[in-house]
Amino acid sequence: VSSISRLLCVSAAVVALAAPAAAQRSGAKPVQSLGWEETAAVLAEKALKDDLAYEYTRELTTMGPRPAGSDAERRAAEWGAAKFRQLGFTNVAIEDFALTGWDRGVESAVILAPHPQPLAAASLGHAPSTPAAGVEGEVVLFPSMEALNAAPAGSLNGKIAMITRKMTRTQSSAGYGAATGARSAGPHAAAAKGAVAFLIRSVGTDDDRTPHTGTTRYADGRVPIPAFALSNPDADQIERLADLGKPVRVRLNSTARTYETRSQNVIGEVRGRAAPDEIVLIGCHLDSWDLGTGAQDDAAGCGIVTAAAKLIADLPIKPRRTIRVVLFGSEEVAQPTDPQTRGGTDYAVRRAAELPKHIVAGESDLGSDNIYALALPGGFTPEFAAAVTRVMTPLKILVEPQAATNGGVDIGPTVQRGVPVFAFRQDAQRYFDLHHTANDTFDKVDKAQMDQNVAAWSALLWLIADSEARFKGASAEGGH
Ligand SMILES: [Zn+2]
């Protein structure tokens, strides 16, 4: 009886569903009578004409920066939960957790000698304040983290260590991954040699005077010395001054502080019709750095995954499985040594009992420029890969022969616990011009490229959620 009443409801919904123009022209069948793969293609077509991801990102970024643990992040979470309800998602929840927050305060950096001038610089996340009068010292340049590590003990007493390594612009995020080690470990390594402060050339690919912040790593529960990123032109300038052969002296001022606070994850679902306890987990992070409005990092990702799920929710028939969207809190200041301070860990720990029923996890956290490839979750069948390939090819997305092994920071703790993962590869050539800077603002979002993301996400989500496909986790024992 219930399935008959469901069908009656469905037929009413079909009337309201606008068939794609191409389908109307060709006299194609209405969506509800399409097959599994055809429905994915129709979803992709609809996504390319959809505004939700773009308008979501516009609205979220009007709230300004959303540092983890801040009142602004909390307001964004409440907005995100209200948006889920407004879109018709179910089981909407906010789950909060403790966090050591970081506030930038007021900061400045200047060159004192040989030619006094201001510097465009920004503290790294979790770096401590300087004394009120600032910290001054002669800059010692190192081309790499390895060179800093090789400096003799005590050789940096009273000095300021600076790493000058340039990030390489790559299509994938590989250039970024190769350069972040110095940002994470540099302050601790410099302090161990006696340095009073640490500088790093921005981990970014632009030539603007916009420093790229980013978190640095605790050692023994704190960052030992003040640590700043210099904009790339300012890093160049220090190198030119050093080439003059005279000591380069710098003064840094910062009132940065840490404080105990709370962050939160926001959860909403498109409930599955046949196997609602089977979860297809997708996510993004709601927190952002404080310098811009976190448009590409990662309001856009939240817009993309929310819009993809909404397109599926609007189908006359729900998918077999549940699609769960999580707007994670506290990604940016996550400390690898302190697992309770990021949303991804809180989710994996709190929802541990549900993880065996997680079919797959994926996240969108590399801005909103085009997707060029997809790595499927492990254990996919040739038939499944062939169907995905037929749907992705018109979107100019290559399906990689190798399975994904990880998908991002937020779903990392879930994936480490054995949940299979997929990964869309996005073009990152422009992303790292903007990432973690004051320039990460809504005007940088290219709607056509964002729409291609939503198309790919909605199609893949449908193909997974409306199937009985099973995958394998990336960790050796964790597959299920
Ligand atoms: Zn991000």
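Source: prediction; values computed, not measured.

Each value, and the rule that gives it
Residues numbered from 1 in each chain as written. Predicted model: local features only at pLDDT ≥ 70, side-chain atom pairs only at ≥ 80, totals over all residues. Heavy atoms only, no water. Donors = N, O, S within 2.8 Å, 3.2 Å for Na, K, Ca; no water. Tetrahedral: all angles 85-135°; square planar, octahedral: opposite > 155°, others 65-115°. Helix = DSSP H or I, 4+ residues; strand = E, 2+ residues; numbered from the N terminus. Pairing = 2+ DSSP bridges. Contact = heavy atoms within 4.5 Å. Axes fitted to C-alpha atoms, helices over the stretch in contact; angles between N-to-C directions. Disulfide = S-S within 2.5 Å. Salt bridge = Lys/Arg side-chain N within 4 Å of Asp/Glu carboxyl O. Buried < 20%, exposed > 50% of the residue type's maximum accessible area, 1.4 Å probe, protein only.

## Here we look at the coordination of the zinc ion
Geometry reference: four tetrahedral donors at a metal, ideal angle 109.5 degrees. Six octahedral donors, ideal angles 90 or 180 degrees.
Here comes step 1: Looking at the zinc ion, one finds its protein donor set to be His285 (NE2), Asp297 (OD), Asp365 (OD) and Asp365 (OD), positioned 1.8 to 2.7 Å from the metal centre.
Here comes step 2: Geometry at the zinc ion is irregular, judged from the four donor atoms that bind it and their angles of 53 to 149 degrees at the metal.
Here comes step 3: Sequence positions of the donors to the zinc ion reduce to the motif H-x11-D-x67-D. One end of the pair, histidine 285, is in strand β11 (residues 275–285); the other, aspartate 365, is in the loop between β13 (358–363) and β14 (371–375), and 80 residues separate them in sequence.

## Thoughts on unusual backbone geometry
Here comes step 1: Backbone torsion omega between alanine 113 and proline 114 reads 5 degrees, so that peptide bond is classified as cis.
Here comes step 2: With respect to the helices and strands, proline 114 occurs in the loop between β2 (107–113) and β3 (117–118).
Here comes step 3: Note that the residue after aspartate 297, namely aspartate 298, is joined by a cis bond; omega there is 10 degrees.
Here comes step 4: Mapped onto the elements of the fold, aspartate 298 is located in helix α9 (residues 295–313).
Here comes step 5: In this model, asparagine 91 sits at a positive phi of 50 degrees, which is unusual for a non-glycine residue.
Here comes step 6: Along the polypeptide, asparagine 91 turns up in strand β1 (residues 90–103).

## Here we look at the sheet that holds strand β15 (residues 398–399)
Here comes step 1: The three strands are arranged β15-β14-β16 in an open sheet whose pairing can be described as mixed. The sheet is open, and its two edges are formed by β15 and β16 (423–426), each paired on a single side.
Here comes step 2: Sheet analysis places β14 next to β15, joined by two bridges and oriented parallel. The residue of β15 that forms the bridge with alanine 373 is leucine 398.
Here comes step 3: Across the sheet, helix α14 (residues 447–465) is in contact with β14 and β16; its angle to β14 comes to roughly 20 degrees.

## A short note on the state of the cysteines
Here comes step 1: All told, the structure shown has one disulfide when counted by the stated rule.
Here comes step 2: Residue cysteine 284 pairs covalently with cysteine 302 via a disulfide, S to S 2.2 Å. Between cysteine 284 and cysteine 302, the S-S torsion sits near 100 degrees, and that sign places the bridge as right-handed. On the criterion of sequence distance, the pair formed by cysteine 284 in strand β11 and cysteine 302 in helix α9 is long-range, its members being 18 residues apart.

## What about the pattern of salt bridges?
Here comes step 1: Enumeration according to the criterion identifies 30 salt bridges in this entry.
Here comes step 2: One salt bridge in this structure joins arginine 209 and aspartate 234, with 2.5 Å as the shortest N-O distance. Of this pair, arginine 209 sits in the loop between β7 (197–201) and β8 (227–230) while aspartate 234 sits in helix α8 (residues 232–243); the two residues are 25 residues apart in sequence, bridging distant segments of the chain.
Here comes step 3: For aspartate 234, a relative accessible area of 2% corresponds to the buried category.
Here comes step 4: The partner of glutamate 468 in a salt bridge is arginine 320, and the shortest N-O contact between them spans 3.9 Å. With glutamate 468 in the segment after α14 and arginine 320 in the loop between α9 and β12 (321–328), this residue pair connects regions lying 148 residues apart in the sequence.
Here comes step 5: Counted as one network, the salt bridges with shared partners bring together Glu95, Glu269, Arg271, Arg324, Asp346, Arg350, Arg351 and Glu354.

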